[in-house]
Amino acid sequence: MNKENHLMIEQQGGLGMITLDRVTHLNALSLEMIEGIRAQLELWRDDAAIQAILIKSNSPKAFCAGGDIRYLYDSYKLGTTDHQGYFSAEYNMLTTIREYHKPVIVLLNGYVLGGGFGLAQACHIIVSSEKSRFAMPETAIGFFPDVGATHFLSRLDDIGVYMAITGEQISSSDALYLDLIDYHVPSEKLLALQDALVAENDLSQQNIEHIVSCFITRPAESELKQYAEAIRKHFGFQHLDEIEQSLANEQDEQLHAWASKLLHLLQQRSFVAKQTSLKLQHLGRGLSLQQCMQLERDLQDIWFEHGDFIEGVRALIVDKDKQPQWKQANPELEQILEKLS
């Protein structure tokens, strides 16, 4: 077993295993982890003994809580371009996983947030336990959902808009309902599933899916499904102010508390982050995955100058005063967004 760069690398049977092991940081993806995952996949690419890849976590609380936002903040504050290098490496890793010619399975148990969500979505077979919680919470730190979310959330139409601009968490039942995971396996069966994969001689995609299907159970009812109609009613608008106005005008007594909570949440978020996230979700519906990823990369490289990320991380992570001073509006960013559309 090789344990470096917060990754545990091992081979069992025909399975190459990559375990995220930065437990103290809920497996937030450091640059070393990102580069380590990609390098390991390259090593295994032509290794006939490795038939499939399994990516999992060593933390009982999280698969992965996202990108290393403190590293991004510090590198920008030091005047380097390391933050751009980080995103570049992350996107190369995601593309390597998506295009990998051997099956890549991911086991999710605990938080699957931001960059962790993007990592999971890049894998070919996505298995989650009932303990998983999914979110793209970027607007809370003045950023926009990236790592391919312009593609995978926009496929959910208004529900994608809701997830992108509020950053609200959803359950594994919700994720299954939305097709964001492939299989639901109870947490107490994940180890037995892993053992079954290790014991299998033929780890073709078809065989893997057959093995996984022997462990699945029906999850609890999706709570989000019950709100789907209300989400479509409020989050189907083109403009932010229309969405917020609609939530403010909710008359149904059963939905009033829910709508008020979301409105309060949105009012605390960065305007430029919400505006951009909404725009990306609408644009993403008409773009390929590659186009969505390129659009995100272009925005990432200018966002630290024009967006609210640095202020969001300062308020929530660095100074912890939870009093971000968001920009009211950014004409330069508005122009850039206009050009994009």
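An unreviewed UniProt entry annotates the chain as 3-hydroxyisobutyryl-CoA hydrolase of Acinetobacter beijerinckii CIP 110307.

Novice: Got a minute to help me understand the nonpolar core in this structure?
Specialist: Considering soluble globular proteins, one finds that nonpolar side chains tend to be buried as a cluster. Ranked by internal contacts, the top residues of the largest apolar core, which has 88 residues, are Phe63, Ile97, Phe235 and Trp303. Among residues more than four places away in sequence, those in contact with Ile97 are Ile37, Leu41, Ile55, Val104, Leu119, Ala122, Cys123 and His124. Core analysis: the next-biggest nonpolar cluster, separate from the first, contains 18 residues, Met17, Ala52, Val127 and Val185 among them.

Novice: Would you mind showing me how to read the layout of surface pockets here?
Specialist: The rolling of a water-molecule-sized probe over the atoms marks out the regions of remaining empty space. Counted as a void, the largest pocket has a volume near 690 Å³. Forming the boundary of the largest pocket are 29 residues, of which Ala65, Gly66, Gly67, Ile69 and Pro137 lie nearest the centre. Listing elements by their share of the lining of the largest pocket, those giving two or more residues are helix H2 (69-77), helix H3 (82-98), strand E7 (111-113) and helix H15 (309-318). Considering only residue class, the lining of the largest pocket consists of 17 nonpolar, 6 polar and 6 charged.

Novice: It is not clear to me how the UniProt feature "domain: Enoyl-CoA hydratase/isomerase" (unreviewed entry) in the chain should be interpreted in this structure. Could you clarify?
Specialist: The positions that UniProt labels "domain: Enoyl-CoA hydratase/isomerase" (unreviewed entry) are, in the present scheme, residues 16-330. When the span residues 16-330 is considered, its composition is 53% helix and 10% strand, and the gap between its end C-alpha atoms is 47 Å.

Novice: Explanation requested: empty space enclosed by the protein in the structure shown.
Specialist: Per the stated rule, a full pass over the model turns up 1 cavity of 30 Å³ or more. In this structure, the largest cavity occupies an estimated 40 Å³ of space. For the largest cavity, the full set of lining residues is Val272, Gln275, Thr276, Asn330, Leu333, Glu334 and Leu337. Listed by contribution, the elements that provide at least two residues to the lining of the largest cavity are helix H13 (271-284) and helix H16 (331-340). For the lining of the largest cavity, the per-class residue count stands at 3 nonpolar, 3 polar and 1 charged.

Novice: Would you explain unusual backbone geometry in this entry?
Specialist: With the exception of glycine, most residues fall at negative phi, and the peptide bonds are largely trans. Phi at Leu26 is positive, roughly 50°, even though this residue is not glycine. On the basis of relative accessibility, which here comes to 27%, the residue Leu26 falls in the partly exposed class. The phi torsion at Lys320 lies on the positive side, around 55°, for a residue other than glycine. Examined against the element boundaries, Lys320 turns out to sit in the loop between H15 and H16.

How each quantity is defined
- Residues numbered from 1 in each chain as written.
- Predicted model: local features only at pLDDT ≥ 70, side-chain atom pairs only at ≥ 80, totals over all residues.
- Heavy atoms only, no water.
- Core = buried A, V, L, I, M, F, W, Y, C linked by side-chain atoms within 4.5 Å.
- Buried < 20%, exposed > 50% of the residue type's maximum accessible area, 1.4 Å probe, protein only.
- Contact = heavy atoms within 4.5 Å.
- 1 Å grid on protein atoms, 1.4 Å probe; cavity = no way out; pocket = protein on both sides within 12 Å on 5 of 7 lines; lining within 4 Å.
- Points joined across faces, edges and corners; volume = space filled by probe spheres on them.
- Helix = DSSP H or I, 4+ residues; strand = E, 2+ residues; numbered from the N terminus.
- Nonpolar A, V, L, I, M, F, W, Y, C, P; charged D, E, K, R; others polar.
- UniProt positions renumbered as here; feature names shortened; annotations may be inferred.

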